[in-house]
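# Structural features, examined
Chain by chain, the residues run as shown.
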Amino acid sequence: MPNATLQEQFQRALSYREKARRLRTALEEAYKTGGIAPSRYENEFAVYSDHIAVADRMIEDLRLGELPRLAAEGRKLQRLLQTRGRIAAGKFRMGAAWRTRRLDRRIARCREAIATYNTLIAAKEPGAVGGFLDLPLDQYRAAPPRREREFSLTRSNLKLMGMALVLLVTAVAVTFLVLLPGSGLNVTATRVSGETDIVLLACVNAGGRAVTLRVPWDDARNQATGDVFGIDVFIQDAEKGDFRLWPDSSGVWYYEGRPARFHDPIIIPPLLRVELRLDLGQLRRFQPEAKLAKVVVSDADGDPVFNAVYHL
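A brief structural summary. (Residues numbered from 1 in each chain as written. Predicted model: local features only at pLDDT ≥ 70, side-chain atom pairs only at ≥ 80, totals over all residues. Heavy atoms only, no water.)

Let us look at the packing of aromatic side chains. The final tally for this structure, using the stated rule, is 4 aromatic pairs. Taking 5.6 Å as the distance between ring centres and 40° as the angle between the ring planes, the aromatic pair formed by Tyr41 and Phe45 counts as tilted. With Tyr41 and Phe45 both in helix α2 (residues 38-88), this residue pair falls 4 residues apart, about one helical turn. Owing to a relative accessible area of 25%, Phe45 belongs among the partly exposed residues under this scheme. Aromatic side chains Trp246 and Phe286 sit 6.2 Å apart centroid to centroid with 55° between the ring planes, which places their arrangement in the tilted category. Of the two residues, Trp246 sits in strand β5 (residues 244-246) while Phe286 sits in helix α5 (residues 280-286), which places them 40 residues apart along the sequence. On the basis of relative accessibility, which here comes to 11%, the residue Trp246 falls in the buried class. Grouped by ring-pair contacts, the aromatic residues Tyr31, Tyr41 and Phe45 constitute a single cluster. Over the ring of Phe234 we find Lys294; its NZ or CZ atom is 5.5 Å from the centre of that ring. (Phe/Tyr/Trp six-rings, centres within 6.5 Å; stacked < 30°, edge-to-face > 60°. Helix = DSSP H or I, 4+ residues; strand = E, 2+ residues; numbered from the N terminus. Buried < 20%, exposed > 50% of the residue type's maximum accessible area, 1.4 Å probe, protein only. Lys NZ or Arg CZ within 6 Å of the ring centre and 35° of its normal.)

Following this line, the structure appears as structure tokens:
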């Protein structure tokens, strides 16, 4: 379970980077208005850039050091949920109620640990881990980040694991999830309207094998077999007209901040989650006559696992 010291290390490293960025930005503004000489600007810009690079390395070291712990918690949660499923299926007749209560407490603690690790590893700003610490630049490194030695994974292997581990699912959609040997995709959607109008689509692999998600399906549906899922967008132009398939909706889907057209198919390992963004404002620009948009997530056999309709 992450402790307060680990949170302080993330808070200090993120604040270090934030402070160096602020100072460099202030320097650039002063230079633009003629407040400082070019020679001084070049020297100080290099100093602040070096501080930012050091802070980036501190943050990366902290994240890489905690990834194995996060992965271990994910495996532990999977084992606990499998045991919980066997109890629910009647595999243990003696003491089932006692076992259930004990398991539920352990599952809750495990989910809490995963959620905390996720918050720390995914944090991009100090506000996510306790707030900004305003210190002189040279003092941020007074408490160096912890380096773990007990794991055999190399730095390069950890990078290959990818920050997808950051998205370890922090909660299971149903109370008693039985993890089967096959695959499954749980999809939930939330519309967020304001300055932007987007739909956040959370896709959780609730099975025991990795699944592939294609955004959108495109022509890949014709060759899809096995643990493959895809997303289609259908458009309705008239109030009571028929929905028609929009073949290429890659320009309105975003993953990891980039349009879906720039990504390969998304691989979702067991118990992990990815989040996609559907930009409805962009969709309206591409399809100005559209009144409704329907999102359908389906498996390789064409059977829907999720669908939702949105007014445009």
